[in-house]
Each structure stands twice: as structure tokens, then as C-alpha cells.
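Examining the three-dimensional arrangement
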Amino acid sequence: MQFSFTEEQGEFRDVLRRFLADRSATAEVRRLMATDRGWEPDGWRKLNQEMGLTALAIPEDYGGQGFGVVEHAIVMEEAGRALLCAPYFATTALAVPAILTAGTEDQKRALLPAIAAGDTVATLAHVEDDGVWDGSTTTATATEKNGGWSLDGTKSFVVDGHTADLIVVLASAGTGLSLFTVAGDADGLTRRPLTGVDPTRKLARLELKGVAAEPLGTIGKAAVPLAETLDQAAILLANEMVGGAERLREDAQEYVAMRMQFGRAIASFQAIKHRCADMLLDVEMAKSAAYAAASAAADGDANVPALASLAKACAADTYMATAVTAIQLHGGIGFTWDNDTHLWFKRAKASEVMLGDPTYHRELMLQRWHEEDAA
């Protein structure tokens, strides 16, 4: 397992950080998060035309660039640092892995090139109103009619679900869990934006009433592809979270170095030094867990499921703790709307529970380690 980045990966990160610093400044984040869509098509096209980010982790056979999980994780970390307002996570961390793991060869060739080009925004709808992220309580049903399939039910907390062109939907087809693809403008599909704690990442609730759908892969065999998809998504989300935590830590450290009290910077006070040191330690530990999981996924390590849960739990705890500390170090101004810290605080809180909270993932990690040891 590799724990250091290559020179090329480092250069890629530098270029990407400069690009996102320009394209996703906090003024732009505030403007976009106030819109119903949460992102702009023109900005999305530029993101893909200039950097080719949606094509990054899609194999070359399907119109992509053929890079791996590590490079994808770098993008997610920098996107989290910049608080990127775009359907990037929904498309590349949720929908694309689902298509790659569940789809047939013909389906991959039909669906992925448009996603790689940035022409299609996609997402995964697998959670329902009960908030169970692993799909085990799925009540949405798929019915075969006249040689086709139709879906009935509801899906909730769908990332960018109100704007996606293509939706991968989890439903029960009688013989087991199955994945289906649905057009965003399909008849019988009602999409309603949800009001969430994080305005920079939009969620939606979907109602499906006799919606025409195409099976993705084999009917009744979606459990394993879904689990693999969610593991990869957890790894990518963990990397996004450590990027946000690092940004909070840096901003807080910059502020305490500038803030004067009793004639000297408050960064010189011992109590402040301890808080900054604790933040640094926590963020570096979370980075290590996220990087290790990404590297393991790239290597095809058998421990990926356990490492994915470890990374998600560690990153969630660290992001939230760093956000709280960053606000406290900013003093009274840290609680104001004009200060940008609350933007990352809200993303930290929303990401903490997305794909399962830390308690869920710690329990899942222990189960997976036990299963691996038993095998």
C-alpha cells in the first residue's frame, strides 16, 4: 500500500487547487448556494472542458481518462477544500461507480461517454425516508409490464436529485434488490428539493409512480454492486471531508496569527497553541485513514470495505471537531454570517451523517474486520 503521492499526482493537485481557488471562491459559493439548482450549467461545462474532471475515473474504453481511485480522491479532497458547488460527487462518486459495478458492457458504453464529456449529470437514489443508507430497507418496487419495467415508491436525500439528467434507482424486483436507470424528466417522476443544513450540497426527494425504467445489470443481483459502490463513495467522501477540515484548520491558524490581544497575537498563547496542535494532529490522522483507504481501493486490497468505514468514521469525527474548534478560535466573529467558517461547518455536519454516521461505520468496520479474519 502506497502512502505517498507521486510527483505527477502532486503537480495535478497544485494545478487543481489553483483552478478551484479561482472557480470556487467563497463569494461564488455563497452565490450558488442561494440558488434552487445549487450550481450553474456553464460553470459545470467549464469544469469539465478545462479540467476533464468527470472523465477522470472513467475507463478509456468508455470515453474517460482511465485514472484510479487515488487521483479521484485528490480531486475530492480539493473539491472539499474549495467547497465546490457542482454535481461532481453525485455524478462521479455515486452514479459512475454504480454503473461500472452493476452495468453490462453495452450499458457502460451507452451511459458513460456522455457522463465523461460532462453532458450528463447523474446521481444515485438508494435511500428512502427512513434514512437507512445501505438499502436494506428498500420499499420501492419494480414491476415488469409489457416487456418493460416501471418503478413505484419514494427516494429521499438524493444528492442533486432535482437536477440530474440520469438517476440510478434502487428498487426491489421480487427476486432481490435491483438497480435501474431513469431519465430525470421521465413521466410519473416528481422531484422536490429538500431543505437541508448544508445549502452548498442540494438534496431532493423523489416520488415514482409508474416510472419507466431500464434495468442496470442483472435483475435481483444489485446487493454486491451497491455495497461496492457505497464503499468507494465513502472513501471519496472521506477525502472530501479531510480537504474541508484542512481548509478550516488553515483559516483558523491564519486568523489567530493575525488577531491581537494584550499587544500580541493570540497564536502566542499556550492554550491557543494546544488547540492548533490538536487540530493538526486530528486532520493528519484523518488524512492518513482516507489516503490508506484510497490506496487500498486502487490496489484491489481485500480490506477495502473495512478501510472505507474506518476512513469515513475518522474523517467525520475530525471534520466536525475541527469545524467546532475553528469557530471557537475565531471568537465572536466565528458565529456570524459574514464569516465564512459556517459554510464548512454546515458541510461538516451534513457529511457526518451522509452514507452513515461515525457510530454506524465503526460498527460496520468491526464486522468487516471480523469477517475478513474469519475468511
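We now turn to the structure provided with this report.

The rules behind these values
Residues numbered from 1 in each chain as written. Predicted model: local features only at pLDDT ≥ 70, side-chain atom pairs only at ≥ 80, totals over all residues. Heavy atoms only, no water. Salt bridge = Lys/Arg side-chain N within 4 Å of Asp/Glu carboxyl O. Helix = DSSP H or I, 4+ residues; strand = E, 2+ residues; numbered from the N terminus. Buried < 20%, exposed > 50% of the residue type's maximum accessible area, 1.4 Å probe, protein only. Expected span 1.5 Å × (residues − 1). Arc of directions from axis to C-beta. Contact = heavy atoms within 4.5 Å.

Moving on: the pattern of salt bridges. Counted under the stated rule, the structure contains 23 salt bridges. Between arginine 17 and glutamate 78 there is a salt bridge whose closest N-O contact spans 2.9 Å. Linking arginine 17 in helix 1 (residues 7-23) with glutamate 78 in helix 4 (residues 69-82), this pair joins segments that are 61 residues apart in sequence. Here arginine 17 falls in the partly exposed class, since its relative accessible area comes to 33%. Using a relative accessible area of 2% as the deciding quantity, one classes glutamate 78 as buried. Taking the shortest distance from any N to any O, the salt bridge between aspartate 317 and arginine 362 comes out at 2.7 Å. One end of the pair, aspartate 317, is in helix 9 (residues 304-329); the other, arginine 362, is in helix 11 (residues 358-374), with 45 residues separating them in the sequence. The partly exposed category is assigned to aspartate 317, whose relative accessible area is 32%. Three or more residues are tied together by salt bridges with common partners; here these are Arg13, Arg17, Glu77 and Glu78.

Another aspect to go through is the environment of alanine 27. Residue placement: alanine 27 occurs in helix 2 (residues 26-33). Counting along the chain gives 313 residues from alanine 27 to aspartate 340, while the straight-line C-alpha distance between them is 9.4 Å.

This part takes up unusual backbone geometry. Phi angles above zero are rare outside glycine, and leucine 83 is one such case at about 55 degrees. The residue leucine 83 is located in the loop between helix 4 and helix 5 (88-102) in this model. Residue classification places leucine 83 among the buried positions, given a relative accessible area of 0%. For phenylalanine 262, which is not a glycine, the phi torsion comes out positive at approximately 55 degrees. Inspection of the secondary structure assignment puts phenylalanine 262 in the loop between strand 8 (260-261) and strand 9 (264-265). Since its relative accessible area comes to 75%, phenylalanine 262 is described here as exposed.

Another point: helix 1. The end-to-end C-alpha distance of helix 1 is 24 Å, a good match for the 24 Å that 17 residues give at a rise of 1.5 Å each. The set of residues buried in helix 1 consists of Gln9, Arg13, Leu16, Phe19 and Leu20. Buried residues of helix 1, seen end-on, are gathered within an arc of 135 degrees and therefore sit on one face of the element. Exposed residues pointing more than 90 degrees away from the buried face of helix 1 are listed as Glu7, Arg18, Ala21 and Asp22. Those residues of helix 1 hidden inside the fold are in contact with helix 3 (41-51), helix 4 and helix 8 (270-299).

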